[in-house]
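# Observations on chain architecture
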Amino acid sequence: MEHLDGNAAAGELSEVFALDVTTAVATCAGCGMTGPVAQAMVYEAGMGTVLRCPQCDAVLLRYVRGGGELRVEMRGIRVMHWPT
Amino acid sequence: MSSVIRATDWREATVAAIAPETPRAATLTLDVPGWDGHRAGQHVDVRLTAEDGYRAQRSYSIASAPEDGRPMITVEELFDGEVSPWFVQVAAEGDMFEVRGPFGGWFVWDASETQPIMLIAGGSGLVPLMSMLRHRRNAGSQVPAKLLVSAREADDVLYARELETIGVDVVLTYTRRAPRDWTGYTRRVDRAMLQETAILGGRTYICGPTTFVETVADHLVALGEPPANIRTERFGGG
């Protein structure tokens, strides 16, 4: 499956984050790479979306809708910050 | 109940106008309740619901400039697409569908910025870059800017007429078939082409299919461009 990038997840993730997620800067818990979420690799499937680190391919964030809930797993992100 | 409409809320948009751009693409002007403007480069999510309740959702870049008011999206019909053929072949004025947005504060450009900009489009990746160019023109921005468009053939070049007067150098390359008297590029964007055409040292925006975007970005980095000065947006099918 071909990936897109974090820009494509902006709408979905606006349901979770009050701030624009594409401008958030995330640090990968796996390799330590730090960069804008807009540059993460995004894989979209029927039920949800997976964001992966563009450097080490680790899962940064998983967003799943189903079974009557919206579930966000983001243990692959050590820290996320927004320029203010 | 709150009467405030947020960008994240789905709203019923009405098609105010449709204009064909190419044999396979059309621009739709939308009336969106509570629309509060956008930034050049942003996109909207759209959702179509079939009579049986089946829903399909896509993201489309906004083609119009922030100054234009009502948002316009340009949709290119993709072979075997589920949603895009509806927009290009079926949709009519007055039709309604759901929209939310605008989204994305990263792949955007504002006329207050002073760095030179290099815009590189693969096919309909031109759409958000066109919003930036229209914004640049409307705002009277003098920042050096250049556009490189990779298209399969002349029929695939969006906004071809308007590009002639947009006020920046436009370089085209045809990857499948060039017009008969064409003397320009006839190959995919490669390192040599970027070396010859790109404004280096400013900010670069690249939009297109994933492979296109990644190839071009890799070449630019190899040419010495700092990755932090390269902003990319990949689009997918449907």
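The structure this text deals with has already been given above.
Model, not experiment: these values are computed from the prediction. (Residues numbered from 1 in each chain as written. Chains lettered and ligands numbered in written order. Predicted model: local features only at pLDDT ≥ 70, side-chain atom pairs only at ≥ 80, totals over all residues. Heavy atoms only, no water.)

## A short note on the interface of chain A and chain B
- Each partner contributes residues to the interface: chain A has 17 residues there, and chain B has 20 residues.
- Regarding the contact of chain A and chain B, the summed buried area is about 1,400 Å², with carbon and sulfur atoms giving 47% of it.
- When residues of chain A are sorted by the area they lose upon contact with chain B, Leu-4, Asn-7 and Gln-39 of chain A head the list and together hold 30% of the total.
- In this structure, the connection of chain A to chain B is made through three salt bridges.
- Glu-12 of chain A serves as the salt-bridge partner of Arg-100 of chain B, at 3.3 Å between the closest nitrogen and oxygen. (Contact = heavy atoms within 4.5 Å. Buried area = accessible area lost by both parts, 1.4 Å probe. Salt bridge = Lys/Arg side-chain N within 4 Å of Asp/Glu carboxyl O.)

## So, the environment of Val-15 of chain B
All names here are of chain B.
- Along the polypeptide, Val-15 turns up in strand β1 (residues 11–22).
- For Val-15, a relative accessible area of 2% puts it in the buried group.
- Sequence spacing of Val-15 and Gly-94 is 79 residues, and the spatial spacing of their C-alpha atoms is 5.1 Å. (Helix = DSSP H or I, 4+ residues; strand = E, 2+ residues; numbered from the N terminus. Buried < 20%, exposed > 50% of the residue type's maximum accessible area, 1.4 Å probe, protein only.)

## What to know about the state of the cysteines
Residue and element names in this part refer to chain A.
- Counted according to the given criterion, the structure contains zero disulfides over all chains.
- Cys-31 supplies the cysteine sulfur nearest to Cys-53, a cysteine that is in no disulfide, at a spacing of 3.8 Å.
- Relative accessible area serves as the criterion here: at 1%, Cys-53 is assigned to the buried category.
- We note that Cys-56 lacks a disulfide partner, and the nearest cysteine sulfur, in Cys-28, lies 3.7 Å from it. (Disulfide = S-S within 2.5 Å.)

## Brief notes about a nonpolar patch on the surface
- On the surface, a nonpolar cluster with roughly 190 Å² of combined accessible area is contributed by Val-16, Leu-70 and Val-72 of chain A.
- Look at Val-16 of chain A and you get partly exposed, because its relative accessible area is 35%. (Patch = residues over 30% accessible without salt bridge, like charges linked within 9 Å, V, L, I, M, F, W, Y side chains within 5 Å. Areas by Shrake-Rupley, 256 points an atom, 1.4 Å probe, with all protein chains shown as cover.)

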